Amino acid sequence: FFGGGMRVVFEKDGVFLHTSTKRHQDQDALIPGVIRLIEKGSNTVVQWTPIEESGDAAQVAYSKKDPSMNGTSQVEEMFDPGYEPDWAVISTVGARPRPQEDTSAGGSRSEPAAETRGKWAFAVSLSELKSIRKSKPGLGWSYLIFITQEGVSFPALHFHQGGTKALLKALCRYVVLAMSPKDSRLYLVYSHNSYALSQSFDELQLFDDGSPDLVSRFFHDPYTATFGGFSKVTNFFRGALRPQDGPRQRPQGEMAAEDEPGFEVITCHTDLGQRPVVEREEPVSEQEWEGHLDAAGRVLNVDKLKQRIFKGGLSHEIRKEVWKFLLGYFPWDSTSEERQALVKRKADEYFRMKLQWKSVTEEQERRNSLLRGYRSLIVERDVSRTDRNNKFYEGSDNPGLVLLNDSLMTYCMYNFDLGYVQGMSDLLSPILYVTQNEVDAFWCFTGFMEMLHHNFEESQEGMKRQLAQLNLLLRLLDPPLCDFLDAKDSGSLCFCFRWLLIWFKREFSFQDILRLWEVQWTGLPCPNFHLLVCCAILDSEREALMNSSYGLNEILKHINELTMRLNMEDILCRAEAIYQQLKACAELPRNAQELLGLVEPKSETPSTDTETSPPVLSPTRGSEATRPESMSPSQGDSSIEILATEDTSTAPT
């Protein structure tokens, strides 16, 4: 501990500054020093100070002993940030010189050599760092170079006694370190927030249909250790599936038995009965839709209309209107006049929020890492690669891309806590394509996000819960398939992660996803119908999986290659048939009944869904982000962008 509320959380001696770049350095060119990581209130500082070679040697010390470090063991662990983004979110405050820490026993130094060495001392706040460059492996002593936002590079620090990996590990308690794919020796530094989640998705390449190596994605995820201590490449998903520090819960109706070596575990499964055959219907036509509107424009027989949408979907020409009801933008009982007034109010509200980020000056943005990061992630990464094979978004100067970007940036102002996470552009793209209007698309998107926001929360508790629920349903429906997947280390259902995250957006064709989403938006025939869609997909591939010699790698590869090859109508028929089969089962376990909305939950009980664990490679968020004050625009945004009427050649028949 230092005075003034400072606490040393990491310290390492034997860290030399080389003042000469000559290959054979003389002794005066090597300045020994100690590097420290110091907490100063809410700020954390990296500090290097020179010391006398005869002084007391400092030791590696953590304020909180890490069991994996075995105290102060000099054995270094391999440091692997686990993901390789090519962007960083960091503050642009320049490095400021700080007074040298006095480390001598007598206080001040009077020797000329000490004074000369003292000028090399430096300290820099982690919030001011842009990147950290490491040495090339195998070439002399390991060194690190700290680089600030303003491009100031501090002298290289050479770790003669090792310790670079230990320091990087300690830094990860306060910031996220991301290895740049363009330079494997460069770690980008950015603050901990929802970007860590986006980066895990990006490294897993959940949204990259062209990635050839699916399995390697599962090695590099910053949430792996958080979600459980399981081995092999499915660590992330095993933890997401199973509650921490607890065994897998068997579905009700399955006899619990001790899994003793040498004995077969015999279980008793529920007899679900025969699965019925269901058929799809024709889409709701424009004439049928108009028949559901009264003279004032109110929608009549809403339940009957939803049932029709569930069974057949919508004709494309009425999607632009009906989606606004399905996504909660328009109330079902509103009149045409009321909806016109609502659109006007919502347009004003939208452009007020849009003006907030549009009005930020370059100087303001330089000090706003959050906004700068969102802009970088949305513009440079996601929008530029979202549905670019669709005519609506193709081309470099496509106005659809501008609206996609502006709507997502405005959502960051609408939902400060969640902000933007990779995958949201996939959810907005079809909505903008259908509505052809920036304002309408935005408010429909917010309604969609109300349904799926838990998928993008940093703790990923929503995804963990859904994977556990899917596991429960699949074990009821097909125990042999689950046993097969378990035997192949695939029982975690890791391959369903992307399905659930963005509601199958990358698994079906663009036109099929329009139909699938509007069916699911009805909320019929039960809550969590999307889980039954997952079961239906696995059911359709059951024979291909079980009648093969597939191992884990082959299973993951097979499932990934289903993209754009699934028959959407067949999957919907299977999913509905599965629901009817489960609903008709008199002995269906109660937890499954609750999951399908067949009975009311008994009571709200505490569960692991409310417990969160801090990510391993980034610090726990100390407090909720403060919502910035809204700007008061002096005038409205006159650049209301309405897309031209859709080219009928791109509409489905």
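Computed from a predicted structure; not experimentally measured.

Rules used in this analysis
Per chain, residue numbering runs from 1 following the sequence as it is written. Local features in this predicted model are restricted to residues of pLDDT 70 or higher, and side-chain atom pairs are both shown and tallied only at a pLDDT of 80 or more, whereas totals for entire chains, interfaces and linings draw on every residue. Hydrogen atoms and water are omitted, and side-chain values are computed over all heavy atoms in the structure. Secondary structure counts use DSSP, requiring at least four H or I residues in a row for a helix and at least two E residues in a row for a strand, with both numbered from the N terminus. Buried residues are those whose accessible area, probed at 1.4 Å on protein chains only, stays under 20% of the maximum for their type, while exposed residues exceed 50% and partly exposed ones sit between those limits. Should any heavy atoms of two residues lie within 4.5 Å, those residues are counted as being in contact. Areas reported here follow the Shrake-Rupley algorithm with a probe of radius 1.4 Å; residue values treat only the protein chains shown as occluding. To define a nonpolar core, start from buried Ala, Val, Leu, Ile, Met, Phe, Trp, Tyr and Cys residues and group those joined through side-chain atoms within 4.5 Å. Domain delimitation follows an automatic or database domain assignment. Any two strands with at least two DSSP bridges between them are considered paired. For helices, the axis comes from a line fit to the C-alpha atoms of the stretch in contact; other axes are also lines fit to C-alpha atoms, and the angle between any two N-to-C directions lies between 0 and 180 degrees. Two N or O atoms count as a polar contact when they lie within 3.5 Å, although within protein this holds only if one can serve as hydrogen donor and the other as acceptor, and sequence-adjacent residues are included solely when both atoms are side-chain atoms. For Phe, Tyr and Trp, where Trp contributes only its six-membered ring, two rings pair if their centres lie within 6.5 Å, and the inter-plane angle classes them as stacked under 30 degrees, edge-to-face over 60, or tilted in between. Put simply, a charge is over a ring when the Lys NZ or the Arg CZ is close to the ring centre, within 6 Å, and near the line of the ring normal, within 35 degrees. For classification purposes, an angle smaller than 35 degrees is called roughly parallel, one larger than 145 roughly antiparallel, one from 65 to 115 roughly perpendicular, and anything else oblique. Handedness of a helix crossing follows the sense of rotation of the near helix relative to the far helix, less than a right angle counterclockwise being left-handed and clockwise being right-handed. Salt bridges, as used here, are contacts in which a Lys or Arg side-chain nitrogen is within 4 Å of a carboxyl oxygen on Asp or Glu. Confidence of the predictor at the level of single residues is captured by pLDDT, which takes values from 0 to 100. Gly falls in the polar group here, along with every residue not listed as nonpolar (Ala, Val, Leu, Ile, Met, Phe, Trp, Tyr, Cys, Pro) or charged (Asp, Glu, Lys, Arg).

Describing the overall build of the protein
Each helix and strand counted, the protein has 22 helices and nine strands in total. With 653 residues in all, the protein has 53% of them scored as buried. Sequence-distant contacts in the protein: of pairs separated by 6 or more residues, those separated by 24 or more amount to 71%. Looking at the protein as shown, the accessible area adds up to about 30600 Å², and 49% of this sits on carbon and sulfur atoms.

Points about the nonpolar core
For soluble globular proteins, nonpolar side chains are generally found buried alongside one another. Ranked by size, the top nonpolar core spans 119 residues in total, and within it M424, F495, F504 and L532 carry the most contacts. Residue-level mapping places this core at the junction of two domains, with at least three residues from each of domain 2 (320-455) and domain 3 (461-596). Not counting the four nearest positions on each side in its chain, F504 is found in contact with R498, W499, I513, L516, Q520, H530, V533, C534 and I537. If you look at the next biggest cluster of nonpolar residues, it comprises 31 residues, including L17, L126, F146 and Y174.

A look at the sheet that holds strand β1 (residues 6-18)
Spatially, β4-β3-β2-β1-β7-β6-β5-β9-β8 is the arrangement adopted by the nine strands of the open sheet, whose pairing is antiparallel. Two strands close off the open sheet at either side, each with one partner strand: β4 (122-125) and β8 (176-180). Between one strand axis and the next, the sheet turns by 30° as a mean value, whatever way the strands run. Sheet contacts for helix α2 (residues 164-171): β1, β2 (30-40), β3 (43-50), β5 (129-134), β6 (142-148), β7 (157-159), β8 and β9 (183-190); angle to β6, the most-contacted strand, approximately 35°.

Details of the side chain of T410
Here T410 is to be found in helix α11 (residues 399-414). A relative accessible area of 0% means that T410 is categorised as buried. Of note is the side chain of T410, whose polar atom sits 2.7 Å from the backbone oxygen of D406. Other than its neighbours up to four places away in sequence, T410 contacts Y350, M353, K354, W357 and F442.

A look at the pairing of β8
Of all five residues making up β8, five are buried, and the element is well covered by its neighbours. Bridge analysis of β8 against β9 gives five bridges, and the strand direction is antiparallel. Bridge pairing links S180 to D183 in β9.

Section: the packing of aromatic side chains
Per the counting criterion, the structure on display carries 25 aromatic pairs. For the pair Y350 and F351, a centre-to-centre distance of 5.0 Å together with 80° between the ring planes defines the contact as edge-to-face. We classify Y350 as buried; its relative accessible area is 0%. Of the residues examined, F351 reaches a relative accessible area of 5% and is grouped as buried. Seen from their ring centres, F442 and W443 are 4.9 Å apart, and the 85° between their planes marks the pair as edge-to-face. The burial state of F442 is the same as that of W443; both residues are buried. Sitting above the plane of the W443 ring, K346 keeps its charged end 4.1 Å from the centroid.

Details of the packing of helix α17 (residues 510-521) against helix α21 (residues 568-584)
With their axes 10 Å apart at the nearest point, α17 and α21 run at an angle of 20° to one another. Relative to α21, the element α17 lies roughly parallel. Taken as a pair, α17 and α21 cross one another with a handedness that is right-handed. Residues D512, R515, L516 and V519 of α17 lie in contact with α21, whose contacting residues are M568, E569 and L572.

Considerations on unusual backbone geometry
Cis geometry marks the peptide bond from L524 to P525; its omega dihedral reads -5°. Considering the arrangement of structural elements, one finds P525 in the loop between α17 and α18 (529-540). Within the chain, L493 stands out as a residue other than glycine whose phi angle is a positive 60°. Looking at the secondary structure, you find L493 in the loop between α15 (479-487) and α16 (497-501). A positive phi angle is found at N528, which is not glycine, with a value near 65°. Tracing the sequence through the fold places N528 in the loop between α17 and α18. Residue N528 is classed as partly exposed on the basis of its relative accessible area of 22%.

Describing the pattern of salt bridges
Counted by the stated rule, this structure contains 33 salt bridges. Notably, a salt bridge pairs R7 with E39, separated by 2.7 Å at the nearest N-O pair. With a gap of 32 residues between them, R7 in strand β1 and E39 in strand β2 connect regions that are remote in the sequence. Here R7 falls in the partly exposed class, since its relative accessible area comes to 26%. Residue E288 pairs with R308 through a salt bridge whose shortest N-O separation is 2.8 Å. Taken as a pair, E288 in helix α5 (residues 286-290) and R308 in helix α6 (residues 302-312) lie far apart in primary sequence, 20 residues in all.

Some points on the pairing of β2
A large share of β2 lies buried, amounting to 10 of its 11 residues. Where β1 and β2 come together, 10 bridges link them in antiparallel fashion. Residue pairing in the sheet places M6 in a bridge with K40 of β2.

Regarding the environment of R298
Following the sequence through the fold, R298 ends up in the loop between α5 and α6. Between the C-alpha atom of R298 and that of S334, which follows or precedes it by 36 residues, the distance is 5.5 Å. Apart from the residues lying within four places of it in its own chain, the contact partners of R298 are H292, L293, W332, D333, S334 and T335.

Details of α15
Every buried residue of α15 is accounted for by P479, L481, C482, F484 and L485. Those residues of α15 that are buried are in contact with α14 (461-477), α18, α19 (542-546) and α20 (552-560). Backbone nitrogen of L481 and a side-chain oxygen of the N-cap are separated by 3.1 Å at the start of α15; the cap is D478.

A look at the confidence of the model for the protein
Averaged over all residues, the pLDDT of the protein is 75; the fraction at 70 or higher stands at 67%. Across the protein, element-level confidence peaks in α6 with a mean pLDDT of 98 and bottoms out in helix α4 (residues 235-241) with 36. In the predicted structure, residues 21-25 sits below a pLDDT of 50 and forms three contacts with residues beyond four places in sequence or in another chain. The low-confidence segment residues 53-112 (pLDDT under 50) makes 156 contacts with residues lying over four places distant or belonging to another chain.

Some words on the packing of α11 against helix α12 (residues 424-435)
Where α11 contacts α12, the two axes come as close as 10 Å, and the packing angle between them is 125°. For the element pair α11 / α12, the angle class is oblique. Judged by the sense of rotation from one axis to the other, the crossing of α11 with α12 is right-handed. Contact residues: α11 offers G400, L403, L404, S407, L408 and Y411, while α12 offers M424, S425, L428, S429 and L432. Grouping the amino acids of the contact of α11 with α12 by side-chain chemistry returns seven nonpolar, four polar and no charged.

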